[in-house]
Amino acid sequence: MLVSLTLCVTQALLAAATLAKTRYNLIDNVWFFSTTNSSLSTDWTRVSLPHTWNGLDTQSGGHYRRNASWYRTLLLLADVDLEASRLVLDVGAANAVADVFVNEIFVGQHRGGFSRFRMDFTEQAKTVANNWKLCSLTLKVDNSASISDVLPLKSDFPMFGGIFRDIGYWLIKKHVPVLDPFDSGSSGVQLQQTNIISQTHPIRVTYQTTVRATCFGNLSDTAFSVNIRVFDGSQNVVNSTHTYSLHSSCLLTSSFMIPFSISNPHVWHGRVDPFLYKATIEIVYQSRIVDSYTTKIGARTYYIHPERGFILNGRPYSLHGVNLHQDWDKLGWAISAKHTLENFRAMVDLNMTALRCSNYQHSDYTYTLADEFGFVVWAEIPNLKVVPVNPAAYLNAGSQLRELIRQAGNHASILFWSIGHELDVTRSNPLPLLWMLQKIVKSEDSYRMTTMSITSTTALTNPIASITDTIAITAYHGWQGTKTSNQTGPFLDIHHSQNPFLKFGICEYGAGASPFLHSDTPTRLDHTEEYQTLVHENIFPQLFGANQRPYLWWKTLSSFADFAATSTATTVADESNMSIFVTSQTTQNMLVKGESDLGLLTSNRSIRKDSFFYYKAHWNSGDPMVYITSSRFKYRKQVVDVKVYSTGVESLSLTVNGNVVVVQEEGSFRKLKKGSNDDKIHIWESVRLREGSNSVLATATSLLDGSSVVSNLVVWYHIPDLVVMDENN
């Protein structure tokens, strides 16, 4: 009876809801762009948002335009009562410093290129002189290299200038309490699970809800209520109401802490079962719902053991995956939701479990998809490479960290806040900054763990390794430095032995490759697809083999896709420039600057490199696959080795021009080079091709049903008169 009465009251309130906040989208407005803020209309170009002015010039790899630019649009406010409402601009991200003007009057400035910010522009809008209340909105966005107090101070990727996420404005009624729109760009609500760190499966999860409320104009009644409702599907598992009050003149924002709990929760268990509850927080004033925020939350516990690694909901759980950069070929950071979703579809195909959102705060949609697909996320701020000396940069680092935590903290997938990446400990002392950032995290979110990445030259005995709750190393053995890829495991063991009580992982490893460079004898730094696979084939069993280094709590490779980089010559432009056999000199001529080719996919996501299928073979056995490597290595010698990756199949066979080369049963011995025991790799050595076209076909039977045929076909050419000069011969 009580539940029915509560539901009736709730439904009545919903029916009577007159929300005090309404958001209007400006992303589809008519926008104009200028590099000079000229008064001449001819100097303004129409653009679509999201937008960057560096989508193309960064591909040179060297100089790209870093300066101020202006964006302008018009707002029609004819139906807005500016005396009874407030106008609040809402910008998803603009890099790196954004100045806002309305009707040519300065509104405010935001310093930081990756987080949401809001500004009240009501008074500036009131200065409009026309009867239609047609206001001009101008954003000056500056990514100048001379900016010395906004992180990152140094990076190996371009600082794309522009407005590259959503933009809109809130219309907020006065004289009613609302969730604070100026709470570091957040929703004004934080839902934090207080018993998240545990080695056991949760029987009961507890949450601390922080609600920050404010108002504009005086209140006739200072009392209001906060409803918290949590749903498990259609069932209401939490329903509580709490009454509070605000200052009658709305001078101060007030924070309220509201606890609640869920017994016998349906846990969020990563890729296995990414279950999410729906939580709604409502502000009720004078019997009406005047503001509301709805999100999804996860119930989970986790723990890291220095020797046994990561534990999720009381069970060992391998965290393995990729590093993700948010840029896209020719678009830079100005990507849409469809691009982000395409990224995640490929990640799901890999069946990875962990995602490092590299180098800066990523879009909220990225974290939302991670929640829904079950990827454990490492989120970080752009505290990279160089330790700042400008005190203002310390404040900016703290501001960006606070914005990240408050804006993204409700996401179930985020379990780690990173406060630094590869800081140079040889030229300056990062300890004061890192201690400050660690303290900020623990004051904002004392329940989750912190982390940080360090270079392979930084010893785990260095004091910076003990500041955060966990640590991870970047190690490009076989690509950078002098160590080979076979030395990765022993190297990690040495580091672990330096501080065996440290929670230690590896967050970057790999090698670069162009899908259009190939060699039968791949060597370090040749950028061939064959060398990249060789590095990953060597490192993988050292990280993921049976009983191999379980102390590694985190294992992510670099990188998900090729990404924009400064002064890096790494990637072949396109297939039209493809040369199958190339000399070392030709390699440098073919490579275009401005991109790192460490990815498993190309920067436009059109090509999945061989290494992608190697990881899919290991991580996604539920999707039967056979894949012939070097498929783009079109022109071949007469005698070649044929390598196939497979998973979830049996009775694998290879035919060349219709003739069976060999049949191999699942689980039997494979003819592998160098004594490899990787059961996902199959190599047929010394396969003879005929002159002209050759059809090479790998087939197998799916283990899912025992009858479906899984196959992969490539066509190679052997032309005897062709001068065969591959990358290394």
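Residues numbered from 1 in each chain as written. Predicted model: local features only at pLDDT ≥ 70, side-chain atom pairs only at ≥ 80, totals over all residues. Heavy atoms only, no water.

Some details on the pairing of strand β30 (residues 414-421)
Move 1: Of all 8 residues in β30, 8 are buried; the element is thus mostly enclosed.
Move 2: Bridging between strand β29 (residues 376-380) and β30 involves 4 bridges; their strand directions are parallel. Looking at β30, one finds that W378 is bridged to F416.
Move 3: Traced from β29 through helix α5 (residues 391-408) to β30, the parallel crossover comes out right-handed.
Move 4: In this sheet, strand β31 (residues 449-455) lies alongside β30 in parallel orientation, the contact comprising 4 bridges. Looking at β31, one finds that S418 is bridged to T451. (Buried < 20%, exposed > 50% of the residue type's maximum accessible area, 1.4 Å probe, protein only. Helix = DSSP H or I, 4+ residues; strand = E, 2+ residues; numbered from the N terminus. Pairing = 2+ DSSP bridges. Right-handed = clockwise from strand over helix to strand, strands pointing away.)

Thoughts on the packing of helix α7 (residues 488-498) against helix α8 (residues 529-544)
Move 1: Axis separation between α7 and α8 bottoms out at 8 Å; the angle between their running directions is 40 degrees. Between α7 and α8, the interaxial angle falls into the category oblique. Of α8, the residues touching α7 (which contributes T488, G489, P490 and L492) are I539, Q542 and L543.
Move 2: Residue composition of the contact of α7 with α8, grouped by class: 4 nonpolar, 3 polar and no charged. (Axes fitted to C-alpha atoms, helices over the stretch in contact; angles between N-to-C directions. Parallel < 35°, antiparallel > 145°, perpendicular 65-115°, else oblique. Contact = heavy atoms within 4.5 Å. Nonpolar A, V, L, I, M, F, W, Y, C, P; charged D, E, K, R; others polar.)

Regarding the environment of N143
Move 1: With respect to the secondary-structure elements, N143 resides in the loop between β11 (134-142) and β12 (162-163).
Move 2: A residue is classified by how much of its surface remains accessible, and N143, at 1% relative accessible area, is buried.
Move 3: Once the C-alpha coordinates of N143 and A94 are considered, the two residues, 49 residues apart in sequence, prove to be 9.3 Å apart.
Move 4: Ignoring anything within four residues of it in the chain, the contact list for N143 reads W53, N54, Y64, R65, R66, N67, N95, A96, M159, F160 and G161.
Move 5: Within the structure, N143 has its side chain in polar contact with the side chain of N54 (distance 3.1 Å).
Move 6: At 3.0 Å, the side chain of N143 forms a polar contact with the backbone nitrogen of N67. (Polar contact = N/O pair within 3.5 Å; in protein donor to acceptor, adjacent residues only side chain to side chain.)

Quick look at the packing of aromatic side chains
Move 1: Applying the stated criterion across every chain, the model contains 43 aromatic pairs.
Move 2: Ring centres 6.0 Å apart and planes at 20 degrees place the aromatic pair F344 and F373 in the stacked group. Taken together, the residues F344 in helix α3 (residues 337-350) and F373 in helix α4 (residues 364-373) connect sequence positions 29 residues apart.
Move 3: Through a chain of ring-to-ring contacts, the aromatic side chains of Y302, F310, Y317, W378, F416, W553 and W554 assemble into a single cluster.
Move 4: Stacked on the ring of W328, the Lys or Arg R605 has its end atom at 4.0 Å from the ring centre.
Move 5: One residue, R636, lies across the ring of W716, its end atom 4.5 Å from the ring centre. (Phe/Tyr/Trp six-rings, centres within 6.5 Å; stacked < 30°, edge-to-face > 60°. Lys NZ or Arg CZ within 6 Å of the ring centre and 35° of its normal.)

Overview of the environment of D43
Move 1: The residue D43 is located in the loop between β2 (31-34) and β3 (45-47) in this model.
Move 2: Along the chain, D43 and F32 lie 11 residues apart, while their C-alpha atoms are 9.6 Å from each other.
Move 3: Excluding residues within four positions of it along the chain, D43 makes contact with F33, S34, T36 and S38.

Re the state of the cysteines
Move 1: Evaluated as defined, the whole model comprises 1 disulfide.
Move 2: A sulfur-sulfur distance of 1.7 Å marks the disulfide that ties C215 to C250. The sign of the S-S torsion, about -115 degrees, decides the handedness of the disulfide formed by C215 and C250: left-handed. Note that C215 is positioned in strand β16 (residues 204-215) and C250 in the loop between β18 (235-245) and β19 (254-263), a separation of 35 residues in sequence. The residues C215 and C250 share a single accessibility class, namely buried.
Move 3: You can see C507 has no disulfide; the closest cysteine sulfur is in C357, sitting 13 Å from it.
Move 4: For C507, a relative accessible area of 0% gives the class buried. (Disulfide = S-S within 2.5 Å.)

Some remarks on the confidence of the model for the protein
Move 1: Across the protein, pLDDT averages 90, with 91% of residues at or above 70.
Move 2: Predicted confidence is poor over residues 1-16, with pLDDT under 50, and the contacts of this stretch with residues over four places away or in other chains come to 13 contacts.
Move 3: Note that pLDDT drops below 50 for residues 569-586; the model gives that stretch 57 contacts with residues more than four away or on any other chain. (pLDDT = per-residue confidence, 0-100.)

Concerning the nonpolar core
Move 1: L355, L492 and Y615 are the most contacted members of the largest nonpolar core, which totals 76 residues.
Move 2: Once residues lying within four places of it in the same chain are set aside, the contact partners of Y615 are L350, Y509, H536, F540, L557, L600 and N620.
Move 3: Counting residues in hydrophobic clusters, the runner-up holds 38 residues, among them V189, V211, Y244 and F275. (Core = buried A, V, L, I, M, F, W, Y, C linked by side-chain atoms within 4.5 Å.)

A word on a nonpolar patch on the surface
Move 1: Where nonpolar side chains cluster on the molecular surface, the patch consists of L74, L76, W132 and L134 and spans about 440 Å² of accessible area.
Move 2: Looking at where L134 falls in the secondary structure, it is placed in strand β11. (Patch = residues over 30% accessible without salt bridge, like charges linked within 9 Å, V, L, I, M, F, W, Y side chains within 5 Å. Areas by Shrake-Rupley, 256 points an atom, 1.4 Å probe, with all protein chains shown as cover. Salt bridge = Lys/Arg side-chain N within 4 Å of Asp/Glu carboxyl O.)

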